Protein chains: 2
Amino acid sequence: MLPRPPRPQGGTILIPDHIAVPVDGKPIQREDCKIASILARIGDKWSVLIVMLLAGGPRRFSELKRSIDGISQRMLTLNLRGLERDGMVTRTVFPTNPPRVDYELTALGRSLCGPVIALGNWAEEHLPEIERARAGFDARAAG
Amino acid sequence: MLPRPPRPQGGTILIPDHIAVPVDGKPIQREDCKIASILARIGDKWSVLIVMLLAGGPRRFSELKRSIDGISQRMLTLNLRGLERDGMVTRTVFPTNPPRVDYELTALGRSLCGPVIALGNWAEEHLPEIERARAGFDARAAG
DNA sequence: CCGTATCCACTGCGATACTG
DNA sequence: CAGTATCGCAGTGGATACGG
């Protein structure tokens, strides 16, 4: 086995202790990464979009459904349930007829917007670079 | 149709313009959300873990494989290809025998670590709250 | 050692239909 | 209106085997 390159070197990033990286010789399990389930939420197909919509204030089910083109009723329900379970949104049923259900971001949900928007800003800033990289890679792969 | 609640209100978050939210009446398409493909990378099963490992310096394929418990060779390859395509990592082949391939974060990849670590910090800070919310929700669902 | 190819189980998710 | 139930497909990802 070839010697591992020295750890600290130009451009190395300081990782906070709580973001799991393997100590030498001990493989990391994915479950060790506590943020994995958070990242899964963030990364899934609709959650961020829903959270960003709710950041504008409470919305009812049908409003969200209409606002998000292409989402199925089933997926909207499932996503909202997941967000509710994680404590990100509250679900309020008005006992009217026809029924009306409002969804609203909790304090926790609102606090999530900060890092997510930071990521969005990063994406916005670097999207041209990423698209150039993709185009270059694809061109090289084709040729 | 019931009147939409007023937009600016207590706890409303300011969303930057480039993070797409629907203007009144126009449903948003998921493709409008430019950060969607970024979020998909962030959210997929292994990418963040790989990026965090590479944040410690360049690593060779087999090193990464050993470091991440449970990842298949196939998935490691696919993830690294995806990251390479997006311009996040470079792939360097040493024409030795046996062959050796090093992966290293690009400047772009390193810059991504900032927002990701911010998200990790958020997750670390709020994980207890989330777990409490989940437990409460599950208990209510069961009872 | 590093990667690709093939096969297959699983599941995410859309479509549709049906209830309170 | 706001769900739930069921079905079916397409994509994801693991296991295995093989090639450079």
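Look up: the structure comes first, before these words.
First, a word on scope: everything that follows refers to the structure included in this document. Here the structure is a predicted model, which is why all the values come from computation and not from measurement.

1. Quick word on the packing of helix α1 (residues 36-43) of chain A against helix α5 (residues 107-142) of chain B
Logical step 1: Put simply, α1 of chain A and α5 of chain B touch, their axes get as near as 9 Å, and they point 95° apart. One way to sum up the angle between α1 of chain A and α5 of chain B is to call them roughly perpendicular. In contact with Ser37, Ile38, Leu39 and Ile42 of chain A of α1 of chain A, α5 of chain B contributes Leu119, Trp122, Ala123, Leu127, Ile130 and Arg134 of chain B.
Logical step 2: Looking at the contact of α1 of chain A with α5 of chain B, its residues break down into eight nonpolar, one polar and one charged.

2. Some thoughts on the protein's contact with DNA strand C
Logical step 1: What surrounds DNA strand C is a group of 19 residues, the closest being Met75 of chain A together with Phe61, Ser62, Gln73 and Arg91 of chain B.
Logical step 2: Per the 4 Å cut-off to the protein, sugar and phosphate atoms form 63% of the nearby atoms of DNA strand C.
Logical step 3: Interatomic distance of 3.0 Å between a side-chain N/O atom of Ser72 of chain A and a phosphate oxygen of DNA strand C.
Logical step 4: Contact distances for DNA strand C include 2.3 Å between a base nitrogen and a side-chain N or O atom of Gln73 of chain B.
Logical step 5: When residues of the surface near DNA strand C are traced back to their parent elements, those giving at least two are α4 (73-85) of chain A together with α3 (61-67), α4 (73-85) and β5 (100-105) of chain B.
Logical step 6: For the surface near DNA strand C, the element with the most residues is α4 of chain B, which contributes four residues.
Logical step 7: Here the surface near DNA strand C is built from residues that sort into eight nonpolar, four polar and seven charged.

3. Observations concerning the pairing of strand β5 (residues 100-105) of chain A
All names here are of chain A.
Logical step 1: Among the six residues that make up β5, five are buried, leaving the element largely enclosed by the rest of the structure.
Logical step 2: Across two bridges, strand β2 (residues 59-60) lies against β5 in antiparallel orientation. When the sheet's bridge partners are listed, Arg60 is paired in β5 with Asp102.
Logical step 3: Where strand β4 (residues 89-94) folds back on β5, the antiparallel hairpin that results is connected by five residues.

4. Some remarks on the interface of chain B and chain A
Logical step 1: Opposite the 77 residues of chain B that make contact, chain A presents 77 residues.
Logical step 2: Note on chain B versus chain A: buried area summed over both sides is about 7,400 Å², and carbon and sulfur give 66% of it.
Logical step 3: Among the residues of chain B in contact with chain A, Arg30, Arg85 and Trp122 of chain B are the three that bury the most area, contributing 10% of the side total.
Logical step 4: Across the contact surface, chain B and chain A share four salt bridges.
Logical step 5: With a closest N to O distance of 2.8 Å, Arg85 of chain A and Asp138 of chain B form a salt bridge.
Logical step 6: The element that contributes the greatest number of residues to the side of chain B that touches chain A is α5 of chain B, accounting for 21 residues.
Logical step 7: Here the side of chain B that touches chain A is built from residues that sort into 41 nonpolar, 15 polar and 21 charged.
Logical step 8: As judged from the two bridges shared by strand β3 (residues 68-69) of chain A and strand β1 (residues 28-29) of chain B, these two strands associate in the parallel manner. Within the sheet, the bridge partner assigned to Ile68 of chain A lies in β1 of chain B and is Ile28 of chain B.

The rules behind these values
- Residues numbered from 1 in each chain as written.
- Chains lettered and ligands numbered in written order.
- Predicted model: local features only at pLDDT ≥ 70, side-chain atom pairs only at ≥ 80, totals over all residues.
- Heavy atoms only, no water.
- Axes fitted to C-alpha atoms, helices over the stretch in contact; angles between N-to-C directions.
- Helix = DSSP H or I, 4+ residues; strand = E, 2+ residues; numbered from the N terminus.
- Parallel < 35°, antiparallel > 145°, perpendicular 65-115°, else oblique.
- Contact = heavy atoms within 4.5 Å.
- Nonpolar A, V, L, I, M, F, W, Y, C, P; charged D, E, K, R; others polar.
- Near = heavy atom within 4 Å.
- Polar contact = N/O pair within 3.5 Å; in protein donor to acceptor, adjacent residues only side chain to side chain.
- Buried < 20%, exposed > 50% of the residue type's maximum accessible area, 1.4 Å probe, protein only.
- Pairing = 2+ DSSP bridges.
- Buried area = accessible area lost by both parts, 1.4 Å probe.
- Salt bridge = Lys/Arg side-chain N within 4 Å of Asp/Glu carboxyl O.

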